[in-house]
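# Structural characterization, general
Each chain is listed here by its residues.
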Amino acid sequence: MRTRAIAGVKVSAIGLGAMPMSLEGRPDEDQSIRTIHAALDDGVTFIDTADAYCISDREIGHNERLIAKAISSWAGSETIHVATKGGQTRPGDGSWQQDGRPEYLKSACEASLEALGLESIWLYQYHRPDPKVPFAESVGALRDLQDEGKIQLAGLSNVSIRQIDEASEIIGIASVQNEFSASFTASEPELRHCEKRGIAFLPWRPLGGIGRASELGDRHRAFSEVADECGVSPQQVARAWELAKAGNVVPIPGASRPETIRDSLGAAELQLSDDQLRRLEN
Ligand SMILES: NC(=O)c1ccc[n+]([C@@H]2O[C@H](COP(=O)([O-])OP(=O)(O)OC[C@H]3O[C@@H](n4cnc5c(N)ncnc54)[C@H](OP(=O)(O)O)[C@@H]3O)[C@@H](O)[C@H]2O)c1
């Protein structure tokens, strides 16, 4: 598998987005562990998770515990980098709420350390700015956590260029995770800003989301046309297109089945021609 860098650390050019294995409609644990192992067997060294990937706050950390279990039962676990997030809650009605108070972020980080079975989290991302809390105060909590050795790198998610710059005054920012896909390109300015600043960009919902990924070729004809030319799936073309955007992009396709993540990972070796990329951009 090709590699890319997050704050100078080499990771697989495509990571695994683990969210679909913990939300409504999730598979049983056996299938989830097989999905994570399939990704690791095929060279994934980077997994994205969050404490809030669960059905309700009663099982907060569900996805982190699943990942810890899968990694501990896989040979070579020391080479895997796990990025998690804090700052969102799941009241249990299917909604996502923000809590960016520094004291909340610090207690959430402690809980993530326990769920992941770690003493220090490799990359800790502030999940979504909380409009009730000054952004700098929330980011200040990440700096405190880094000073205490509880996190190694800090990342942001769902942020604007202004927020990236504001946070960078407080702590080095290793990654930004914003929505970006063929259906949602509005965060291209943040992607380019990160490229200029040497910050990794992790496009979330790279296939258009749970339940919508299979429609990608129907919604975007160019993707199915290029897929036919290359003899691969439109989903694989979508990932190769994102990789070709810039060297700081690390896609994190979500999956809950071994077949889908294996297919997505083929994009790391898929070379699209300039003409194909131009048609996809259009
Ligand atoms: N920071 C944030 O606010 C935020 C928000 C949303 C997501 N995320 C992160 O981004 C990751 C990706 O987002 P996502 O999971 O919402 O959406 P996604 O990656 O766009 O789509 C996930 C769905 O795509 C299907 N899929 C994957 N590869 C496929 C392939 N090659 N062919 C056909 N179908 C394929 C999977 O199906 P199966 O389930 O059948 O395998 C899965 O359900 C998440 O897992 C999470 O880590 C972050």
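Look up a bit, the structure's there.
This is a predicted model, so every value here is computed, not measured. (Residues numbered from 1 in each chain as written. Predicted model: local features only at pLDDT ≥ 70, side-chain atom pairs only at ≥ 80, totals over all residues. Heavy atoms only, no water.)

## Describing the packing of aromatic side chains
Put simply, the test is: Centre distance within 6.5 Å is the pairing criterion for rings of Phe, Tyr and Trp, where only the six-membered ring of Trp is used; planes under 30 degrees apart are then read as stacked, over 60 as edge-to-face, and the remainder as tilted. Secondary structure elements are taken from DSSP: a helix is a run of H or I of four residues or more, a strand is a run of E of two residues or more, and numbering for both begins at the N terminus. The criterion is that NZ of a Lys, or CZ of an Arg, lies within 6 Å of the ring centre and within 35 degrees of the ring normal, and then a charge sits over that ring.
In total, this model carries six aromatic pairs according to the counting rule given. With centroids separated by 5.7 Å and ring planes inclined at 15°, the aromatic side chains of F180 and W241 adopt a geometry described as stacked. Of this pair, F180 sits in the loop between strand 10 (173-177) and helix 6 (188-197) while W241 is found in helix 9 (residues 234-245), placing the two residues 61 residues apart along the sequence. Between the NZ or CZ atom of R90 and the centre of the ring of W96, over which it lies, the distance is 3.8 Å.

## A word on the packing of helix 4 (residues 135-147) against helix 5 (residues 161-168)
We count it as follows: Axis definition: a line fitted to C-alpha atoms, over the contacting stretch in the case of helices. Angles run 0 to 180 degrees between N-to-C directions. When describing relative orientation, an angle under 35 degrees is termed roughly parallel and one over 145 degrees roughly antiparallel, while 65 to 115 degrees is termed roughly perpendicular and anything else oblique. Note on convention: near helix rotated counterclockwise from far helix by under a right angle means a left-handed crossing. Clockwise means right-handed. We call two residues contacting when some pair of their heavy atoms lies within 4.5 Å. Polarity classes work like this: nonpolar for Ala, Val, Leu, Ile, Met, Phe, Trp, Tyr, Cys and Pro, charged for Asp, Glu, Lys and Arg, and polar for all others, with Gly in that last group.
Orientation of helix 4 relative to helix 5, taken along the N-to-C sense of each, is 50°, at an axis distance of 10 Å. Classed by the angle they form, the pair helix 4 and helix 5 counts as oblique. Like other packed secondary-structure pairs, helix 4 and helix 5 cross with a definite hand, here right-handed. Across the interface between the two elements, F135, A136 and V139 from helix 4 touch Q163, E166 and A167 from helix 5. Residues of the contact of helix 4 with helix 5, tallied by class, amount to four nonpolar, one polar and one charged.

## Section: the site of the ligand
Applicable threshold: Nearness is judged by heavy atoms alone; a residue qualifies as near a molecule or strand once a single heavy atom is within 4 Å of it. Polar contact is the term for a pair of N or O atoms within 3.5 Å; when the atoms are in protein, one must be able to donate a hydrogen and the other to accept it, and sequence-neighboring residues count only if both atoms are side-chain atoms. Values of accessible area rely on a 1.4 Å probe in the Shrake-Rupley scheme; residue burial ignores everything except the protein chains shown.
Surveying the vicinity of the ligand reveals 29 residues, the closest of which are D48, L207, G254, S256 and T260. W204 places a side-chain nitrogen or oxygen 3.4 Å from an oxygen atom of the ligand. At a separation of 2.7 Å, an oxygen atom of the ligand approaches a polar backbone atom of G254. Protein contacts shield 91% of the accessible area of the ligand, which totals 900 Å² for the unbound molecule. At three residues, the largest contribution of residues to the shell around the ligand is made by helix 10 (residues 258-265). Across the shell around the ligand, the residue classes break down as 12 nonpolar, 12 polar and five charged.

## Topic: the environment of A39
Residue position: A39 is located in helix 1 (residues 29-41). In the structure, A39 is positioned 218 residues away from R257 in sequence and 9.9 Å away in space, judged by C-alpha atoms. Those residues in contact with A39 that lie beyond four places of it in its chain are L16, V44, I261 and L265.

## Regarding helix 11 (residues 274-281)
The condition is simple: Note on exposure labels: buried denotes an accessible area under 20% of the residue type's maximum, exposed denotes more than 50%, and partly exposed covers the range between, all computed with a 1.4 Å probe on protein chains only. Directions pointing from the helix axis toward each C-beta atom define the arc.
Those residues of helix 11 that sit buried are Q276, L277 and L280. Taken end-on, helix 11 shows its buried residues confined to a sector of 100°, consistent with a single buried face. Contacts from the buried residues of helix 11 go to helix 8 (221-230) and helix 9.

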